[in-house]
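# Descriptive structure summary
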Amino acid sequence: MSAIFPKKSLGQNFLMDRNVGDKIVAAASVSPTDIVIEIGPGKGALTSLIAGRALYLLAVEIDDRLCNYLQERLADAANVEVRRGDFLRLDLEAEIGALRQRFPQTSAVKIISNLPFYITTPIITRIIENRSLVDHAVVTVQKEVAARFTASPGSKRYGAITIFLNYYAQMTVLFDIPRKAFRPEPEVDGSVVSIVPRAEPAVKVSDEAFFFRTIRAGFQQRRKMLRNSLLSLGVGQEDLERALHEASLDPTLRPERLSMQDFARLADSLREVAQQKIP
Ligand code: SAM
């Protein structure tokens, strides 16, 4: 096993601390009626802990060497499939559909991972896109990134991704993992994050795509006042001022101070005020 030299390019930092592994798996409350998908099992620090508790585990690993190693190591575990592949290319709908059919007793589908940090955002976006299929995800991300996922309005780390994630899911930072728990040590500490998709988005908006356009426009010029930063949406100054007034928002505020609810009100009133004019 020690012959498997870690590839930095694949975000290979292997968890060495069994207690931390136990804590991650406990945080996902894995039960004997759960199907779990593990992203990047690596050398299996979490894999056997999950397999010991779950109904079935599909572990998707991109690195052939680790796949071979794990397939051999877990050859006797009847409830585990170690799949060679790129999680980002996995057809989650088809995979989860097939697993649910095979295991009709399934009560929940969960995702667990010490994520390869280099693709944190695409992986989490994919989980959110497939939120109707996934009941709970517990993933380790870079500590600073976890802070962005749960940042408060006005703080340095608050941004479009904060609102996007919290709109669709309940996001919680559970605990930190010091870098020294991994080999090789990454350059940053980690945080374990819980993602529970919401049955309904956190706020109601009349036009979701426009809501997100408004947010992106706001954060592209986050240091400007609202009355200027949102002109890039293609609305006139007058319409913008009116929409801000109707949404009870001070036009001199910076977009980074707006909560998700504020952005929702603003996007809705902009849509109403400038109806036909927004490209
Ligand atoms: N789970 C192991 C642990 O906790 O020790 C390994 C964690 S390591 C941070 C990330 C793992 O993800 C590596 O094994 C890496 O090869 C794998 N990986 C990287 N990119 C991947 C991808 N696109 N799809 C699936 N696995 C990937």
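Residues numbered from 1 in each chain as written. Predicted model: local features only at pLDDT ≥ 70, side-chain atom pairs only at ≥ 80, totals over all residues. Heavy atoms only, no water.

### Concerning the site of the ligand
Here is the rule: In these notes, residues near a molecule or strand are those with any non-hydrogen atom within 4 Å of it. Throughout this description, a polar contact denotes any pair of N or O atoms lying within 3.5 Å of each other; where both atoms belong to protein, one of them has to be capable of donating a hydrogen while the other can accept it, and for residues adjacent in sequence the pair is counted only when both atoms sit in side chains. Where accessible areas are quoted, they stem from the Shrake-Rupley method and a 1.4 Å probe; at the residue level, only the protein chains shown are allowed to cover. Within this scheme a cavity is a closed region of a 1 Å grid, computed over the protein atoms alone, that accommodates a 1.4 Å probe without allowing it to escape, whereas a pocket is open but has protein on both sides within 12 Å along at least five of seven lines; lining residues each have an atom within 4 Å of a point. Those molecules having more than half of their atoms within 2 Å of a cavity or pocket grid point set are described as sitting in that cavity or pocket. Only runs of H or I of at least four residues qualify as helices and only runs of E of at least two qualify as strands under DSSP, and these elements are numbered from the N terminus. Each residue receives one of three labels: charged for Asp, Glu, Lys and Arg, nonpolar for Ala, Val, Leu, Ile, Met, Phe, Trp, Tyr, Cys and Pro, and polar for the others, Gly being one of them.
Around the ligand there are 23 residues in total, and Leu15, Gly40, Glu61, Asp86 and Asn114 lie nearest to it. Separating an oxygen atom of the ligand from a backbone N or O atom of Leu15 is a distance of 2.8 Å. Here an oxygen atom of the ligand and a side-chain polar atom of Asn114 are 2.7 Å apart. In isolation the ligand exposes 590 Å². Once the protein is present, 98% of that is buried. Mapping the ligand onto the cavity grids shows that it belongs to the largest pocket. For the shell around the ligand, the secondary-structure elements that each account for two or more residues are strand S1 (14-15) and strand S3 (56-61). Looking at side-chain class alone, the shell around the ligand contains 13 nonpolar, seven polar and three charged residues.

### As for the packing of aromatic side chains
Selection rule: Pairs were defined over the aromatic rings of Phe, Tyr and Trp, the Trp ring being its six-membered one, requiring ring centres within 6.5 Å. Orientation was assigned from the angle between planes: stacked under 30 degrees, edge-to-face over 60, tilted for the rest. Only protein chains enter the accessibility calculation, which uses a 1.4 Å probe. A residue is then buried if its area is under 20% of the maximum for its type, exposed if over 50%, and partly exposed in between. In this scheme, Lys NZ or Arg CZ marks a charge over a ring once it lies within 6 Å of the ring centre and within 35 degrees of the ring normal.
Scanning the entire structure with this criterion turns up 10 aromatic pairs. Summarising the aromatic geometry, the rings of Tyr167 and Phe212 are spaced 5.3 Å apart at their centres and angled 90° between planes, so their arrangement reads as edge-to-face. Here Tyr167, found in helix H7 (residues 160-168), pairs with Phe212, found in helix H8 (residues 208-220); they are 45 residues apart in sequence, far enough to count as distant. Residue class for Tyr167 comes out buried when judged on its relative accessible area of 1%. Classification of Phe212 by relative accessible area gives buried; the value is 14%. Taking 5.0 Å as the distance between ring centres and 55° as the angle between the ring planes, the aromatic pair formed by Phe211 and Phe212 counts as tilted. With respect to burial, Phe211 and Phe212 carry one shared label: buried. Taking the ring centre of Tyr56 as reference, the NZ or CZ of Arg102 above it sits at 4.7 Å. A cation over an aromatic ring shows up here: Arg271 above the ring of Phe210, its NZ or CZ 4.7 Å from the ring centre.

### Regarding the domain arrangement of the protein
How we decide: Where each domain begins and ends is defined by an automated method or by a domain database. Here, two residues are considered to be in contact whenever any of their heavy atoms come within 4.5 Å of each other. Accessible area, probed at 1.4 Å, shrinks when two parts are joined; the buried area is that loss added up over both.
Here the protein is partitioned into domain 1 (8-197) and domain 2 (208-277). A straight line from the C-alpha centre of domain 1 to that of domain 2 covers 35 Å. With 12 residues of domain 1 in contact, the opposing surface of domain 2 contributes 12 residues. A combined buried area of about 1000 Å² lies between domain 1 and domain 2, and 66% of that area is made up of carbon and sulfur atoms. On the domain 1 side of the interface with domain 2, the three residues burying the most area are Tyr158, Ile163 and Tyr167, jointly 49% of the side's total. Between the two partners, domain 1 and domain 2, sit seven residue pairs in polar contact (both at pLDDT 80 or more). Across the side of domain 1 that touches domain 2, the residue classes break down as seven nonpolar, four polar and one charged.

### Considerations on the environment of Asn79
Its place among the elements puts Asn79 in the loop between helix H3 (64-73) and strand S4 (80-84). For the pair Asn79 and Tyr56, spaced 23 residues apart in sequence, the C-alpha to C-alpha distance is 4.8 Å.

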